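What follows is the residue order along each chain.
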Amino acid sequence: MTPRRQQILDIAAELFAARGFHGVSVAELGSACGISGPALYKHFESKDAMLAEMLVRISETLLTEGRARVAKADGAREALAALVEWHIEFALEHRALIVVHNRDWSSLPDEARERVRALQRAYVDVWATEVRRFDGDLSPEASRTRAHVLFGLLNSTPHSGRLPDPQMHDVLRDMAHGALGLG
């Protein structure tokens, strides 16, 4: 991806988060990027394609980095701590994408929605596997539920992040570790 293309996606994410996908016109997107609305079509096929790319890419990144951190970990406790750290980094860095995903999910084209779903299921599975390795008494479904509950906590950052990021990071880490029993 070119730096310019990434810049356009970042600006679009901020605008979509602030006003909603349907609340932002192509002309407004172009203006915010310092180009005309029609010039956006040199970078993206459509506004829908922009939304699809931003949500598919971040889902791919979450999964790839989550797997990488687990692979580097020595045991389930360390893997869970690494996953918590990774997801906090994501949540603090990409607040706008969390808002866009939650609010504008239904605006995704079908193919992109299915791709994001598949990537998210795989990411949940990474977490659930480590939760179950850490606490072998849990069923697969209980492990998946715990992963989803943790995502709810960590992905609340755009709405609950009233502290400076370093403090918010520590609060999220402490709460996630407590919920997982990592102490």
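None of the values given here were measured: they were computed from a predicted structure. (Residues numbered from 1 in each chain as written. Predicted model: local features only at pLDDT ≥ 70, side-chain atom pairs only at ≥ 80, totals over all residues. Heavy atoms only, no water.)

Help me understand the environment of F151, please; the structure alone is not making it clear to me.
In this fold, F151 is placed in helix α7 (residues 140-154). With sequence-adjacent residues up to four places away left out, F151 is seen in contact with H87, Y123, V124, W127 and S156. (Helix = DSSP H or I, 4+ residues; strand = E, 2+ residues; numbered from the N terminus. Contact = heavy atoms within 4.5 Å.)

So what exactly am I meant to see when it comes to the layout of surface pockets here?
Regions of empty space are outlined by a rolling probe, equal in size to a water molecule, passed over the atoms. Of the voids in this model, the largest pocket is the one considered here, and its volume is about 370 Å³. In terms of lining, the largest pocket is formed by 19 residues, of which the most central are L62, H101, Q120, F151 and N155. Its residues placed into classes, the lining of the largest pocket shows ten nonpolar, seven polar and two charged. Roughly 180 Å³ of volume is contained in the second largest pocket. Residue lining of the second largest pocket: Q6, L9, D10, A13, M54, R57, I58, T61, H94 and L97, and that is the complete set. Taken together, the elements giving at least two residues each to the lining of the second largest pocket come down to α1 (3-19) and α3 (47-72). Looking at the lining of the second largest pocket, its residues break down into five nonpolar, three polar and two charged. (1 Å grid on protein atoms, 1.4 Å probe; cavity = no way out; pocket = protein on both sides within 12 Å on 5 of 7 lines; lining within 4 Å. Points joined across faces, edges and corners; volume = space filled by probe spheres on them. Nonpolar A, V, L, I, M, F, W, Y, C, P; charged D, E, K, R; others polar.)

What am I meant to see in the UniProt feature "DNA-binding region" (unreviewed entry) in the chain here?
Under the present numbering, the feature "DNA-binding region" (unreviewed entry) in UniProt falls on residues 25-44. Between the first and last C-alpha atoms of residues 25-44 the distance is 14 Å; the span itself is 40% helix and 0% strand. (UniProt positions renumbered as here; feature names shortened; annotations may be inferred.)

Looking at this structure, how should I read the side chain of R113?
Structurally, R113 is set in helix α6 (residues 110-134). At 3.1 Å, the side chain of R113 forms a polar contact with the backbone oxygen of S106. Not counting the four nearest positions on each side in its chain, R113 is found in contact with W105, S106 and L108. (Polar contact = N/O pair within 3.5 Å; in protein donor to acceptor, adjacent residues only side chain to side chain.)

Explain the nonpolar core to me, please; I cannot follow it from the model alone.
Ranked by internal contacts, the top residues of the largest apolar core, which has 59 residues, are F16, M54 and W127. Counting residues per element, the ones that place at least two in this core are α1, α2 (26-33), α3, α4 (76-93), α5 (95-104), α6, α7 and α9 (165-180). Non-local contacts of F16, meaning those with residues more than four positions away in its chain, are made with F21, V24, L29, K47, L51, M54, V100, R103 and D104. (Core = buried A, V, L, I, M, F, W, Y, C linked by side-chain atoms within 4.5 Å. Buried < 20%, exposed > 50% of the residue type's maximum accessible area, 1.4 Å probe, protein only.)

Even after reading the chapter, I still don't get the pattern of salt bridges, so can you show me in this structure?
Side chains bearing opposite charge may pair, as long as their charged atoms lie close to each other. A complete count under the given rule lists 13 salt bridges for this structure. Between R115 and E60 there is a salt bridge; the shortest N-O distance is 3.4 Å. Separated by 55 residues along the polypeptide, R115 in helix α6 and E60 in helix α3 bring together distant segments of the chain. Note on R115: relative accessible area 41%, which makes it partly exposed. On the basis of relative accessibility, which here comes to 29%, the residue E60 falls in the partly exposed class. Its salt-bridge partner being R173, residue D174 comes within 3.2 Å of it at the nearest N-O pair. What makes D174 partly exposed here is its relative accessible area of 49%. Several salt bridges converge on common partners, so that one network encompasses E65, R69 and E89. (Salt bridge = Lys/Arg side-chain N within 4 Å of Asp/Glu carboxyl O.)

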